[in-house]
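# Topology and contacts: notes
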Amino acid sequence: MGWEEMQVRGYPEFVRTAQSYHGRPIFALFCGDKDAEGRSWCPDCVTAEPIVRKELHNLPEESVFIYCLVGDRAYWKDPNNEFRKNLKLTGVPTLLKYGTPQKLVEEECFKAELVRMLFTED
């Protein structure tokens, strides 16, 4: 079967999507919103996304990859936003294995070998 990708925007949609795949391995990449040309306001997200996408073939069978836009820069910078409060995110991009402490933050997402390890190790 391989793996599936879902694209969501905002915290409520992320939670709904993650809950709908309960029981399957869920990996999520959190990035800043994109403009009409498809460019994120977050330069690190622009760098990380192609690196992460190149490693998606290493995802475990039956897993789900959620690409989540966290909102505009002003929302993200608010220390009380739901991603920071509920998921304890400290920066974007963040790649994590949902329900575990395993995550890569900011420039760690630039390292293909770290992304591969997150996708392949239990």
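Before going into details, it helps to say that this report is about the structure given with it.

## Regarding the overall build of the protein
- Along its length, the protein carries 5 helices and 5 strands.
- Listing every helix and strand of the protein by position from the N terminus yields β-α-β-α-β-α-α-β-β-α.
- Across its three principal axes, the protein shows a C-alpha extent of roughly 40 × 30 × 25 Å.
- Residues classed as buried in the protein amount to 43% of the 122 residues present.
- Within the protein, contacts between residues at least 6 apart in sequence are counted, and of these 63% link residues at least 24 apart.
- Only carbon and sulfur atoms are counted for the fraction: they give 51% of the accessible area of the protein, which is about 6,600 Å².
- Positive and negative charge centroids in the protein, built from 16 and 20 side chains respectively, lie 3 Å apart.

## Some details on the nonpolar core
- Phe14, Phe30, Phe65, Ile66, Phe83, Leu95 and Phe119 are the most contacted members of the largest nonpolar core, which totals 37 residues.
- For this core, the elements supplying multiple residues, two or more each, are helix H1 (11-20), strand E2 (26-31), helix H2 (43-54), strand E3 (64-69), strand E4 (94-97) and helix H5 (112-120).
- Not counting residues within four places of it along the chain, the set of residues in contact with isoleucine 66 comprises Met6, Val8, Phe14, Thr17, Ala18, Ile26, Phe27, Ala28 and Leu29.

## Comments concerning the packing of aromatic side chains
- If you walk through the whole model with that rule in mind, you get 5 aromatic pairs.
- Judged by centre distance (5.7 Å) and plane angle (70°), the rings of phenylalanine 30 and phenylalanine 83 are edge-to-face. Residue phenylalanine 30 is located in strand E2, and its partner phenylalanine 83 is located in helix H4 (residues 82-86); the two are separated by 53 residues in the primary sequence.
- Judged by its relative accessible area of 0%, phenylalanine 30 falls in the buried class.
- Taking NZ or CZ as reference, arginine 53 lies 5.2 Å from the ring centre of tyrosine 67, over its face.
- The positively charged end of arginine 84 is found above the aromatic ring belonging to tryptophan 76, 4.2 Å away from the centroid.

Scoring rules and cut-offs
Residues numbered from 1 in each chain as written. Predicted model: local features only at pLDDT ≥ 70, side-chain atom pairs only at ≥ 80, totals over all residues. Heavy atoms only, no water. Helix = DSSP H or I, 4+ residues; strand = E, 2+ residues; numbered from the N terminus. Buried < 20%, exposed > 50% of the residue type's maximum accessible area, 1.4 Å probe, protein only. Contact = heavy atoms within 4.5 Å. Areas by Shrake-Rupley, 256 points an atom, 1.4 Å probe, with all protein chains shown as cover. Lys, Arg positive; Asp, Glu negative; His and termini not counted. Charge placed at Lys NZ, Arg CZ, Asp CG, Glu CD. Core = buried A, V, L, I, M, F, W, Y, C linked by side-chain atoms within 4.5 Å. Phe/Tyr/Trp six-rings, centres within 6.5 Å; stacked < 30°, edge-to-face > 60°. Lys NZ or Arg CZ within 6 Å of the ring centre and 35° of its normal.

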